[in-house]
Amino acid sequence: MLLKHLSRTLLATCLGAAALCSWAQTGAWPQKSIRLIVPAPAGSAPDLAARIIGDKLTASLGQTIVVDNKPGAGGIVAMNLLKAAPADGYTIGLNQAAVVVVTPVTYKEATYDIERDFETFAIAGKTPMLFVTNASNPAKNLADAIAMAKAKPDQIAIGNPTRTSIPHLAAEVAGIKMNVQFQQVSFANTAQGIQSVVNGDIAMYVDGTGPLIQLVKSGRLRALAVAAETELPGLESIPLANKTIPGLNISGWFSFQAPKGTSAAILQRLNNDINLAMQQPDVLAKFRDFGTYATPGSVADAQRFVKSEKELFGGVIRTLGFKPE
């Protein structure tokens, strides 16, 4: 009898301790402000996304979200800080696609791995890639542009904002899938690339919808195709790239990560609140201003998506023979 009583007491103690531990990690969380590290400068699209969602999380969690801008080295500075932070839910990061899946295979100094070192818990939004040309170019759509490139291999120039950026890799994927050779031209920044295609110095240009859509609407540029999976609000008149190049669904995106080992309950709470924030009309409208569309989903959905993007872009970079620098 005594043994049974001790066993029951021990079991009750263990269960109580487990419940207390769970409460300490989730029920009492958060009890202080949360640091949101962003690997981009103030005023950039990642920074704007972080502040928009951060305001909503401040309201829903009852604690201040403090945005901490840590640009530099392709995101390495920010990711190292996030990796080294305690896994207690008080330090999280909002990271753009290139930082998550490109920097680790293009920078020698990048020693982090998104699956090994972090817990991805939400995808905040996607910015589909847009293929454009100037108004004087005879190409009316992406099929025309591909035909031109096949007729003149490596002579039809397609620009992008920077080397190994998501827009650059999108153009490379298009060429690989269609077995055509574009002359890839990487600029120092988006503004230079846009000016070059507007002036007719290059035949085509690819970038996120945000910096291009107003130029398309004004008639200064012609949209050839958008690399979204499905038709999106505000882009209904633009052909889908996947109708010409099957499987060409490429976007930039913003994802949330926490240090490895962060409580699953905390990750789930953050995921729930971010999904709720991304359904609010004011958030949708603000995101639309920089060409980004909400993509709510579960923690598992976010992790599967990041894994597939890591495989896609890592494979493209290896195919192209780019070496870490």
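Think of each chain on its own: its residues are numbered from 1, step by step along the sequence as written. Local features are withheld for residues below a pLDDT of 70 in this predicted model, meaning they are given only at 70 or higher, and side-chain atom pairs are given and counted only at 80 or more; totals for whole chains, interfaces and linings count all residues. Note: side-chain values were computed over all heavy atoms of the structure, leaving out hydrogens and water.

> What should I look at first to understand the nonpolar core in this one?
When a protein is soluble and globular, its nonpolar side chains tend to lie buried together. Definition used in this section: a nonpolar core is a set of buried Ala, Val, Leu, Ile, Met, Phe, Trp, Tyr and Cys residues joined via side-chain atoms within 4.5 Å. Remark: exposure states derive from per-residue accessible area (1.4 Å probe, protein chains only) relative to the maximum for the residue type, with buried under 20%, exposed over 50%, and partly exposed in between. Core analysis: the biggest nonpolar cluster contains 50 residues, and Phe131, Leu142, Met204, Leu248 and Ile250 have the highest contact counts within it. Helix and strand assignments follow DSSP, with helices taken as H or I runs no shorter than four residues and strands as E runs no shorter than two, numbered in order from the N terminus. Elements supplying a minimum of two residues to this core: α3 (76–84), α4 (97–101), β4 (118–134), α7 (142–151), α8 (166–178), β7 (204–208), β8 (221–226) and α13 (299–320). Discounting residues that sit within four places of it in the chain, leucine 142 has contacts with Phe131, Met204, Leu224, Ala225, Ala241, Thr244 and Ile245. Residues Ile34, Ile92, Ala258 and Leu267 belong to the second largest nonpolar core, which totals 31 residues. Whether two residues are in contact is decided by their heavy atoms, any of which lying within 4.5 Å being enough.

> I keep staring at unusual backbone geometry and nothing clicks. Help me out?
Trans is the common state for peptide bonds, and a negative phi is the common state for residues other than glycine. Backbone torsion omega between tryptophan 29 and proline 30 reads 0 degrees, so that peptide bond is classified as cis. Relative to the elements of secondary structure, proline 30 occurs in the loop between α1 (2–27) and β1 (34–38). In this structure, aspartate 154 takes a positive phi of about 60 degrees despite not being glycine. Structurally, aspartate 154 is set in the loop between α7 and β5 (157–160). Positive phi values are uncommon outside glycine, yet asparagine 179 reaches one of about 55 degrees. With respect to the helices and strands, the residue asparagine 179 is situated in the loop between α8 and β6 (183–186). With relative accessibility at 70%, the residue asparagine 179 sits in the exposed group.

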